[in-house]
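So you can see what is in the structure, the chains are spelled out below.
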Amino acid sequence: MQPDTRVRDDVAADDQARAVAQARAARRSRVVVINAVRVLLVVAVLGSWELAATHWIDPFYYSKPSAIWHRLVDWFTDGTSQGSIWQQIAYTLEEALIGFALGSAGGVVLGIVLGRSRFLSDVCAPFIKAANAIPRIILASLFVIWFGLGMSSKVATAFVLVFFAVFFNAFQGAREVDRNLVNNARILGAGRMQVLSTIVVPSATSWILASLHSAFGFAIIGAVVGEYSGADKGLGLLINHAQGTFDSAGIYAGMIIITVIALLAEWLLTLLERRLLRWRPPASGVEAQI
């Protein structure tokens, strides 16, 4: 290799390394700016709320951040009127996780089966649409009557909310599979189950994982709504009790705990999605986040 060629290669490598370092620095700077703006927004909202509740609006009805913070501290240090706050969180989380697992499994299986069978989908379509149109709060009340005040009624409510959220995405994902891919696999001798396991399910994975992000939030909503309708423990019962005693700070405190649980679940699902979709090439353009 000629000396001038080596020099050009070294310069190109240095330029590439410099460009990579600049991109990383720009990315870090952007993250810092975004987080700083988020913190400022939170501080502005909470500060305005505290100021308004101190001077202009009645904190009995609207509460204020300092009162909500004191309620959270009381719950986590002294416990709640229904017992340990950790027991209430664990109970609601268990209901949500069971409903999420059962609803996701049922939604994925039925969605893919109906998505690949036009005859079955045509037969079941009006029944699924009718079931999806039933208000969930009515189902929660029915489940309390059918299954009692225990965990079963809350799991059933969470199951219903999760099932439909996952089912429609799995159904659409199974329908969107490239027909040429399926036809080529069949020409090469692949059976129905081989096509399903090697083509349909992997193709629908991104649709299914996208639905799981919102599905766990629905599972928590189902558990809390079920507890609100009737329960002997759980975060929904705490919120219901706070409403009955006109404790607006307790209602906000329960909402904050539920929100934190949902955000942690969203973070874990994002990690799972990245791990399962490593095979997928990165999308072109700027990555959008919500």
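The shown structure was predicted, so the numbers you read here are calculated from the model rather than taken from an experiment. (Residues numbered from 1 in each chain as written. Predicted model: local features only at pLDDT ≥ 70, side-chain atom pairs only at ≥ 80, totals over all residues. Heavy atoms only, no water.)

S.K.: Honestly, the layout of surface pockets in this entry has me stumped. Any pointers?
M.R.: The gaps left among the atoms become clear once a water-sized probe is rolled over them. The space that makes up the second largest pocket amounts to roughly 310 Å³. Lining the second largest pocket are 16 residues, and of these Leu93, Val260, Ile261, Leu264 and Ala265 sit closest to its centre. When residues in the lining of the second largest pocket are grouped by element, the largest group, eight residues, is from helix H11 (residues 248-276). Considered class by class, the residues forming the lining of the second largest pocket number 16 nonpolar, no polar and no charged. (1 Å grid on protein atoms, 1.4 Å probe; cavity = no way out; pocket = protein on both sides within 12 Å on 5 of 7 lines; lining within 4 Å. Points joined across faces, edges and corners; volume = space filled by probe spheres on them. Helix = DSSP H or I, 4+ residues; strand = E, 2+ residues; numbered from the N terminus. Nonpolar A, V, L, I, M, F, W, Y, C, P; charged D, E, K, R; others polar.)

S.K.: I keep staring at the pattern of salt bridges and nothing clicks. Help me out?
M.R.: Taken as a whole and judged by the stated rule, the model has two salt bridges. Note that Arg71 is salt-bridged to Asp74, the shortest N-O span being 3.7 Å. In this pair, Arg71 and Asp74 are both assigned in helix H3 (residues 65-78), three residues apart and thus about one turn of the helix distant. Judged by relative accessible area, Asp74 falls into the partly exposed class, the value being 32%. Taking the shortest distance from any N to any O, the salt bridge between Arg71 and Asp247 comes out at 3.0 Å. Of this pair, Arg71 sits in helix H3 while Asp247 sits in the loop between helix H10 (235-244) and H11; the two residues are 176 residues apart in sequence, bridging distant segments of the chain. A relative accessible area of 23% means that Arg71 is categorised as partly exposed. We classify Asp247 as buried; its relative accessible area is 17%. (Salt bridge = Lys/Arg side-chain N within 4 Å of Asp/Glu carboxyl O. Buried < 20%, exposed > 50% of the residue type's maximum accessible area, 1.4 Å probe, protein only.)

Scope: geometric values only; no functional claims are made or implied.
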